[in-house]
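Structural description and commentary
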Amino acid sequence: MSVAMERWVFVVTCVLMSACASTSRFTTREELEKVLAAPKPAKVFKDASLDVERWELTGPFPLTVGDAPHEASDAFSRFFVGRASAKGVRPTQPLACVARETARFLAEKGQLPGALLQAFLTARCGNFAPTVRLNSLSGDAPADVTDDALLARWQEEVAKMFDGLSAGQSGGLALARAGDKAAVVLASLTPKGALEPLSIFPAPDGTVVLRGTAPAGAAELYGYANQGRAKSERCKDTGRFQLPSFELTCRVDLSDASAWIDVASAEKGRLLGHGFAQVLVWPSQQPSSVYVRPQYGTPGGELSPEGLLAGLNEVRTAAGLAPMELSAAQTADNRELAPFFLDAVLRGDAKEQDRIAMGVIAGWRVESDISGGTIHSAWVEAPDLSLLLAHQLESAGTRAQLLDPDNRVLAVGLYREENFAAALVSAYPKVDSTSWPDSTEAVLVHLDEARKKEGRPEAQWVKLPSQLEKSLADGVAKKDLDDEEALSRFMEEASYVTQRPVQGWRLHVTRLSQVDWPEGLLKKQKLDVLGVVTVQRNKDDPWADYLILVVVLLGDGMDQT
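Parameters at a glance
Residues numbered from 1 in each chain as written. Predicted model: local features only at pLDDT ≥ 70, side-chain atom pairs only at ≥ 80, totals over all residues. Heavy atoms only, no water. Helix = DSSP H or I, 4+ residues; strand = E, 2+ residues; numbered from the N terminus. Expected span 1.5 Å × (residues − 1). Buried < 20%, exposed > 50% of the residue type's maximum accessible area, 1.4 Å probe, protein only. Contact = heavy atoms within 4.5 Å. Disulfide = S-S within 2.5 Å. Pairing = 2+ DSSP bridges. Phe/Tyr/Trp six-rings, centres within 6.5 Å; stacked < 30°, edge-to-face > 60°. Core = buried A, V, L, I, M, F, W, Y, C linked by side-chain atoms within 4.5 Å. Salt bridge = Lys/Arg side-chain N within 4 Å of Asp/Glu carboxyl O. pLDDT = per-residue confidence, 0-100. Axes fitted to C-alpha atoms, helices over the stretch in contact; angles between N-to-C directions. Parallel < 35°, antiparallel > 145°, perpendicular 65-115°, else oblique. Nonpolar A, V, L, I, M, F, W, Y, C, P; charged D, E, K, R; others polar.

**Overview of helix α5 (residues 147-160)**
A rise of 1.5 Å per residue sets the reference length of α5, with its 14 residues, at 20 Å; its end C-alpha atoms lie 18 Å apart and thus fit the reference within 8%. The complete set of buried residues in α5 reads Leu150, Leu151, Trp154, Val158 and Ala159. Buried positions along α5 lie against α2 (75-87), β8 (131-140), β9 (170-178) and β10 (181-189).

In structure tokens:
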């Protein structure tokens, strides 16, 4: 008999970071050097697993996502229910289903399922938690040995599987047999938050409404839903509840056979979000018990940062998105940091995860100006580029990062250990250099669109004959001027030339198409406006942003040109 203990299955591997973080929270380059100075983990991945192209589950499966009582129909499940209840562990049928399907694969293949199959069967069993702990044992079991006799023979080893369980957890146990082999799997988890029972079928309009209670201490909760092969749309908070209660409306594509929905939460005091729920729904109204490995890129393609970039850009190009570029220096950093980050994830060391992640998303080594950062990790059971791409792009949250139109720079830190292939991946929105007057004109078009919604006419764009705007834009970009000094000079020159009083604003934004315009620019009926758009990056900040200087002419004055 062989024993494989304590395998953690992380179905959701994405860690999301918004571009609004305070730069004072970033891990500095010097602090990252201290991480790298520590001894590298000798072994990150503890248990082998097997990827397959196709696998059929046995069922039966529920039509809803949510807990149900553990069915005790055989010797092993009755043994589990009795022992679990005595320890204060809640037996549930979704976890019993996870244990059953996992045990069957182990009995037939001799290894645990690969991550993508494990995610599929976990969700298909009606379990929404993205992190499941698997304890397993397997061995010879001739057909003439009954389940009761096998339990009597293995009872001591099965009882040891309970050692890691504690009151308040949920679990399920199952035995599976294949020929003269048998496997027992215990699936367990510590509940974090709750999800109300949810149908696996979206509404006729393609919406899925998720309600529940966020994990303790959550300050933010957000979700993403996959649509087709190359789109992930953020779920909308209905605003009906305040955390910890929540209600999200997610939209899927009714032409899809199935669709993944990921929900993550960020704890109070932490900027990183971690998977809270992962749900598989069936827009086709025809749930399948057959797992077929998703196909992205070319099987057997080059497993390298360049190979992953090429495969990802194939998907982006097919979706009408601009290709990404690879940051060689940041990729080198990610490669060195990957084993430390992966080890922290698998050990559940949140503090160390944050420390490394907040240095990676800063993008200290990215060669171009960036305005934000995202990070995620992924690992697969074979050095297969297509498999690694599938693992990332099937996750709605990770797909949202990699297929974000604004994310234009990629860094890929690959890590190999025995058969495992893993990656620490970060993506960054690029801040393109601006040119006068085209950039300003484009931004003022967005201002006019916002004014139109307020029932106001288009603004009148005024340009100074001295072309001071261009010199201000260049001065800020070259760090010869700070934003306050630039606005002051702009207002003085505008008032002197036009002989009118002025009012001015400094607006810092990460996306020129998403500006929170002040009411003074939206509500005024007649608006004579001057503008400058440039890029600004403070000396000690890793991220740059766009600086918009806006000056409004007040009162009446000389004719404008």
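Alright, that's what it looks like, and here's the rest.
**Quick notes on the state of the cysteines**
Taken as a whole and assessed by the stated rule, the structure comprises two disulfides. With a sulfur-sulfur separation of 2.0 Å, Cys97 is cross-linked through a disulfide to Cys125. Handedness here is read from the sign of the S-S torsion; for Cys97 and Cys125, about -65 degrees, the answer is left-handed. In this pair, Cys97 sits in helix α3 (residues 93-109) while Cys125 sits in the loop between α4 (115-124) and β8, placing the two residues 28 residues apart along the sequence. As far as the burial class goes, Cys97 and Cys125 line up, both buried. At a sulfur-sulfur separation of 2.1 Å, the disulfide partner of Cys235 is Cys250. Taking the sign of the S-S torsion, 110 degrees for the link of Cys235 and Cys250, the bridge is right-handed. Residue Cys235 is found in the loop between β15 (231-234) and β16 (236-237), and its partner Cys250 is found in strand β17 (residues 245-251); the two are separated by 15 residues along the sequence. Of the two residues examined, Cys235 and Cys250, each falls in the buried class. For the chain, the disulfide bridges join cysteines in the arrangement 1-2, 3-4, where the cysteines are counted in sequence order.

**Here we look at the environment of Leu410**
Its location among the elements puts Leu410 in strand β23 (residues 407-417). Residue Leu410 is classed as buried on the basis of its relative accessible area of 0%. Between the C-alpha atom of Leu410 and that of Arg100, which follows or precedes it by 310 residues, the distance is 40 Å. Those residues in contact with Leu410 that lie beyond four places of it in its chain are Leu308, Leu309, Leu312, Met324, Glu325, Leu326, Ser327, Thr331, Leu402, Val425, Ser426 and Ala427.

**Thoughts on the pairing of β9**
With seven of nine residues buried, β9 is to be regarded as a mostly interior element. By the bridge criterion, two bridges tie strand β6 (residues 90-91) to β9 in an arrangement that is parallel. Each residue of the ladder has a partner; that of Pro91, found in β9, is Gly171. In this structure, the hairpin formed by β9 and β10 is closed by a connection of two residues, where Gly179 is found at a positive phi of approximately 65 degrees.

**Quick look at the sheet that holds strand β28 (residues 545-553)**
Taken in spatial order, the four strands of this open sheet run β25-β27-β28-β26, and their pairing is mixed. Each edge of the sheet is formed by a strand with only one pairing partner; in this case those strands are β25 (460-461) and β26 (502-509). Where β26 lies against β28, eight bridges are found, and the strand directions are antiparallel. Bridge pairing links Val502 to Leu553 in β28.

**Concerning the packing of aromatic side chains**
On inspection of all chains with the given rule, the structure shows ten aromatic pairs. On the numbers, 5.7 Å between centres and 40 degrees between planes, the contact of Phe80 with Phe162 is tilted. Of the two residues, Phe80 sits in helix α2 while Phe162 sits in the loop between α5 and β9, which places them 82 residues apart along the sequence. Phe162 matches Phe80 in its accessibility class, with the two residues each being buried. With 5.8 Å between their ring centres and 85 degrees between their planes, Phe246 and Phe276 make a pair best called edge-to-face. Of the two residues, Phe246 sits in strand β17 while Phe276 sits in strand β19 (residues 273-281), which places them 30 residues apart along the sequence.

**Quick look at the nonpolar core**
Formed by 80 residues in total, the largest nonpolar core has its most connected members in Leu210, Phe246, Ile261, Val279, Leu312, Leu393 and Leu410. Tallying contributions element by element places α3 first for this core, with eight residues. Discounting chain neighbours no more than four positions away, the residues touching Leu312 are Met324, Leu389, Leu393, Leu402, Leu403 and Leu410.

**Remarks on the pattern of salt bridges**
The final tally for this structure, using the stated rule, is 29 salt bridges. Of the charged contacts in the structure, one is a salt bridge between Glu336 and Arg335, with a shortest N-O distance of 3.9 Å. By relative accessible area, which is 42% here, Arg335 ends up partly exposed. Salt-bridge contacts for Asp349 lead to Arg347; the nearest nitrogen and oxygen are separated by 3.5 Å. The class of Asp349 is partly exposed, set by a relative accessible area of 25%. Each member of the salt-bridge network shares a partner with another, and the members are Arg29, Glu33, Asp333 and Arg365.

**Concerning the confidence of the model for the chain**
Mean pLDDT over the chain stands at 89; residues scoring 70 or higher make up 94%. Low pLDDT, under 50, characterises residues 1-23; the stretch is placed with 93 contacts to residues that sit more than four places away or in other chains. In the predicted structure, residues 557-561 sits below a pLDDT of 50 and forms eleven contacts with residues beyond four places in sequence or in another chain.

**As for the packing of helix α12 (residues 468-477) against helix α13 (residues 483-498)**
Look at α12 against α13: their axes get within 10 Å of each other, and the N-to-C directions meet at 175 degrees. Comparing the axis directions of α12 and α13 gives the class roughly antiparallel. Residues Leu468, Glu469, Leu472 and Val476 of α12 touch α13, and the partners they reach there are Ala486, Arg489, Phe490 and Glu493. Tallied by class, residues from the contact of α12 with α13 come to five nonpolar, no polar and three charged.

**Considerations on the pairing of β28**
Within β28, eight of the nine residues are buried, which leaves the element mostly enclosed by the surrounding structure. For strand β27 (residues 528-536) and β28, the ladder comprises nine bridges, and the chain directions are antiparallel. Within the sheet, the bridge partner assigned to Thr534 lies in β28 and is Leu547.

**Structural notes on the environment of Ser166**
Here Ser166 shows up in the loop between α5 and β9. Note: C-alpha distance between Ser166 and Ala84 (82 residues apart in sequence) is 8.9 Å. Look past the residues within four positions of Ser166 in its chain and what remains in contact with it is Lys87 and Val89.

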